[in-house]
Amino acid sequence: MNPVPFIPETAPFTPEQRAWLNGFLAGLHSSAPAEPAPAGSKNAEPLLILFGSQTGTAEGLAKKVAKESQPRGFAPKVLALNDFETANLAAAAKTVIISSTWGDGEPPDNAVNFWNWLNAESAPRLENLQFAVLGLGDKNYSDFCGASKKFDARLEALGAKRLVSRGECDADYEAAAKNWIDGLWEKLGATTHLSTAAAGTGQLAPDKPPGFNKENPFPARLLKNILLNQPGSSKEVRHYEISLAGSGLTYEAGDALGVVPVNCPELVDDLLAALKCKGDEPVKIDGTAMSLREAFTRHFDITRPTQDLITVAGERGFANGLSPLLAPDRRDDLKRWIFGRDVLDVIGLLPAPMPFTELQPLLRKLSPRLYSISSSPKAHPGEVHLTVSAVRYESHGRPRKGVASTFLADRVGDAEFVNVFVQASHGFRPPTSGDSPMIMVGPGTGIAPFRAFLEDRAATGAKGRNWLFFGDQKRSADFLYAEQLGCWQKSGLLTRLDLAFSRDQPEKVYVQDRMLENATEFWSWLEDGAYFYVCGDASRMAKDVDAALHKIIETAGGKSPDEAKAYVAKLKSDKRYQRDVY
Ligand SMILES: Cc1cc2nc3c(=O)[nH]c(=O)nc-3n(C[C@H](O)[C@H](O)[C@H](O)COP(=O)(O)OP(=O)(O)OC[C@H]3O[C@@H](n4cnc5c(N)ncnc54)[C@H](O)[C@@H]3O)c2cc1C
Ligand SMILES: NC(=O)c1ccc[n+]([C@@H]2O[C@H](COP(=O)([O-])OP(=O)(O)OC[C@H]3O[C@@H](n4cnc5c(N)ncnc54)[C@H](OP(=O)(O)O)[C@@H]3O)[C@@H](O)[C@H]2O)c1
């Protein structure tokens, strides 16, 4: 047999494109009996893959596991946890659960109903179930991977057998997730059906050519950068228009755009100076050689100090006040200490410059930021619009800038590109029927996806009623998209627009106050089958809006608190209560 042809490292392809081409060549070359077992073939073993995903990352990993499982002889089924028919869990055999964590160690929205079912006293024994749990989280939060810990412990308590230990992934999750998934295949001894050619190269032949995605983002042109606030505002919210021409990328209203940011060059200079480096020192990132300046500019997160860096700085035992905060019972104090400090602040505490070779493994990778898309492709073919609040603040005597939001605002020159990818929504979508009423609550930048929803409905001529609650600080300065919303009111597309400008009067008025003032009508919309959407701040607004929704159901709907909870659970399982909160 001839040797398997392969694409050399020097060929002008991204690693992903090279992997695909190698896999393709290997697939072409392999003999018929070594072909991967097709999903659903007679010998394929069922593999249930359930995900709880708020931003789509866990869903993406679930699909990756499914794809990798097929040539290994499995017939995968991928579902959001809430979409799984719980009664079938006791009879399921091998099950993988991949979940992110939301809020204070809670499961994401599309896993909450499943979680409540699993925790109920009536939950069945699950002795026949073999499970594996992978958690996604962020070490900056105290209950790191809290939701996956709870899933793992509860399944064990119900008698299910663990296939492999629970995996944990921090914000730059790719390598940890890959290791855990590889460990899963090892445990399952599932390489028997793998094509010999693909097994030899460690690569699977993907089923479609490479497109632009998170691993291979599209270098896009920024067409417009428009400040939406008026003089007198304390905010800087900008409207961006980005060209997707030539990318082949498509999206739908409800999707998000991933932006791969570039760090601020002044901050890179300051960090290099603090390390006594010139910037031309050679480093290797994932096997690619580059200068230290390039690595700090494009590859490392140089704003958020990692726990590892903090620990190293604290353990050195200088009089920096940090060491006592490393004690396990001082977690909250440490969190307060970290808030508003960056890598440069921590490096500044060291008595002597840290060699960059020591710093490098203590940094995490610079991660892309997601933005809810604020345009409909039906209204703006080949373009994607964003509505982004620039993060700027002063801390410990230095001005600070959010990496991605100020990269878009300040640093994308005419000759520069913005590397982007589309993150498909995990179900945050306008109703399938154009006749269904929509109620949308989107204060601040939370308006973004609702501009897209409304543009979508305008483009398709959907007849359903639309009710938007918008709020921000001052009407005169912060009424985002006022003109467009006004036109939609006039045209009748926007049936109702209720506004809550919090700082136009002595007492705060928020969107949930407007909901409660209109409880009777709100309830009648719900009873007419309205879909209820919330977008924006997760930490306070979304919780208060949820409480207001329960209150409306109790007061206007005449339900008890328990009945209101059941009503909301039903709205969620019917996909009539959807949130895009951050
Ligand atoms: C699904 C999704 C959709 C989103 N959609 C939008 C959108 O449509 N529009 C939008 O603007 N954003 C949106 N975001 C948020 C967005 O992804 C970024 O988190 C945001 O732009 C900040 O990123 P950054 O890189 O500019 O800031 P970063 O460099 O990440 O800095 C932000 C961090 O700075 C710190 N910080 C901020 N203010 C202060 C302060 N005053 N004092 C001390 N520390 C502070 C906080 O730790 C904060 O987490 C969305 C997020 C998600 C997950
Ligand atoms: N992760 C990040 O780095 C990052 C970056 C940018 C934005 N965000 C998130 O995105 C959210 C949106 O930011 P934004 O600037 O567009 O708008 P915002 O800060 O949410 O403000 C919009 C309006 O909501 C009001 N509000 C405050 N608390 C509320 C509550 N509990 N319930 C209802 N409304 C409330 C504000 O009023 P007052 O201000 O007068 O109280 C303001 O009128 C932020 O709150 C933040 O959580 C995150």
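Here, the structure is the one placed above.
Just so we're clear, the structure is a prediction, and the values are computed from it rather than from any experiment.

Peer 1: Would you mind going over the overall build of the protein chain in detail, with residue names and values included?
Peer 2: When helices and strands are counted, the protein chain shows 20 helices and 21 strands. Taking all 582 residues of the protein chain together, 51% fall into the buried category. Entry remark: accessible area of the protein chain is about 26,800 Å², with carbon and sulfur atoms responsible for 53%.

Peer 1: Which residues make up the site of ligand 1, and what values do they have?
Peer 2: Of all residues adjacent to ligand 1, which total 20 residues, the nearest are Arg369, Leu370, Tyr371, Ala404 and Ser405. One nitrogen or oxygen atom from the side chain of tyrosine 393 is found 3.4 Å from an oxygen atom belonging to ligand 1. Calculation on ligand 1 without its partners gives an accessible area of 980 Å², and the protein chains cover 72% of this total. Elements with a minimum of two residues in the shell around ligand 1: strand E12 (369-372), strand E13 (383-389) and helix H13 (403-411).

Peer 1: Run through the pairing of strand E19 (residues 496-501), naming residues and quoting values.
Peer 2: Among the 6 residues that make up E19, 5 are buried, leaving the element largely enclosed by the rest of the structure. As paired strands, strand E18 (residues 466-472) and E19 are joined by 6 bridges and run parallel to one another. When the bridges of E19 are listed, glycine 471 appears paired with alanine 500.

Peer 1: Tell me about the packing of helix H19 (residues 541-555) against helix H20 (residues 561-573), and please be specific about residues and values.
Peer 2: H20 packs onto H19 with a crossing angle of 120° between their chain directions and a minimal axis gap of 9 Å. Of the possible angle classes, the one that applies to H19 and H20 is oblique. The interaxial crossing formed by H19 with H20 has right-handed handedness. Here Leu549, His550, Ile553 and Glu554 of H19 come into contact with H20, specifically with Pro561, Ala564, Lys565, Tyr567, Val568 and Leu571. Of the residues in the contact of H19 with H20, the class split is 7 nonpolar, 1 polar and 2 charged.

Peer 1: Run through helix H2 (residues 57-69), naming residues and quoting values.
Peer 2: Under the 1.5 Å per step criterion, the end-to-end length of H2 is 18 Å for 13 residues, consistent within 8% with the ideal 18 Å. The set of residues buried in H2 consists of Thr57, Ala58, Glu59, Leu61, Ala62, Val65, Ala66, Glu68 and Ser69. Buried residues along H2 sit against strand E1 (45-52), strand E2 (74-80), strand E3 (94-100), strand E4 (130-136), helix H5 (174-188) and strand E16 (418-423).

Peer 1: Give a detailed account of the nonpolar core, specifying residues and quantitative values.
Peer 2: Leu271, Leu275, Phe296, Ile347, Met354 and Leu359 are the most contacted members of the largest nonpolar core, which has 33 residues in total. Broken down by secondary-structure element, the contributors of at least two residues to this core are helix H7 (265-274), strand E10 (282-285), helix H8 (292-299), helix H9 (307-315), helix H10 (331-338), helix H11 (343-347) and helix H12 (356-359). Not counting residues up to four positions away in its chain, the partners in contact with isoleucine 347 are Leu271, Ala274, Leu275, Met354 and Leu359. Listed in part, the 31 residues of the second largest apolar core include Phe522, Val534, Tyr567 and Tyr577.

What counts, and at which threshold
- Residues numbered from 1 in each chain as written.
- Chains lettered and ligands numbered in written order.
- Predicted model: local features only at pLDDT ≥ 70, side-chain atom pairs only at ≥ 80, totals over all residues.
- Heavy atoms only, no water.
- Helix = DSSP H or I, 4+ residues; strand = E, 2+ residues; numbered from the N terminus.
- Buried < 20%, exposed > 50% of the residue type's maximum accessible area, 1.4 Å probe, protein only.
- Areas by Shrake-Rupley, 256 points an atom, 1.4 Å probe, with all protein chains shown as cover.
- Near = heavy atom within 4 Å.
- Polar contact = N/O pair within 3.5 Å; in protein donor to acceptor, adjacent residues only side chain to side chain.
- Pairing = 2+ DSSP bridges.
- Axes fitted to C-alpha atoms, helices over the stretch in contact; angles between N-to-C directions.
- Parallel < 35°, antiparallel > 145°, perpendicular 65-115°, else oblique.
- Left-handed = near helix turned anticlockwise from the far one by under 90°.
- Contact = heavy atoms within 4.5 Å.
- Nonpolar A, V, L, I, M, F, W, Y, C, P; charged D, E, K, R; others polar.
- Expected span 1.5 Å × (residues − 1).
- Core = buried A, V, L, I, M, F, W, Y, C linked by side-chain atoms within 4.5 Å.

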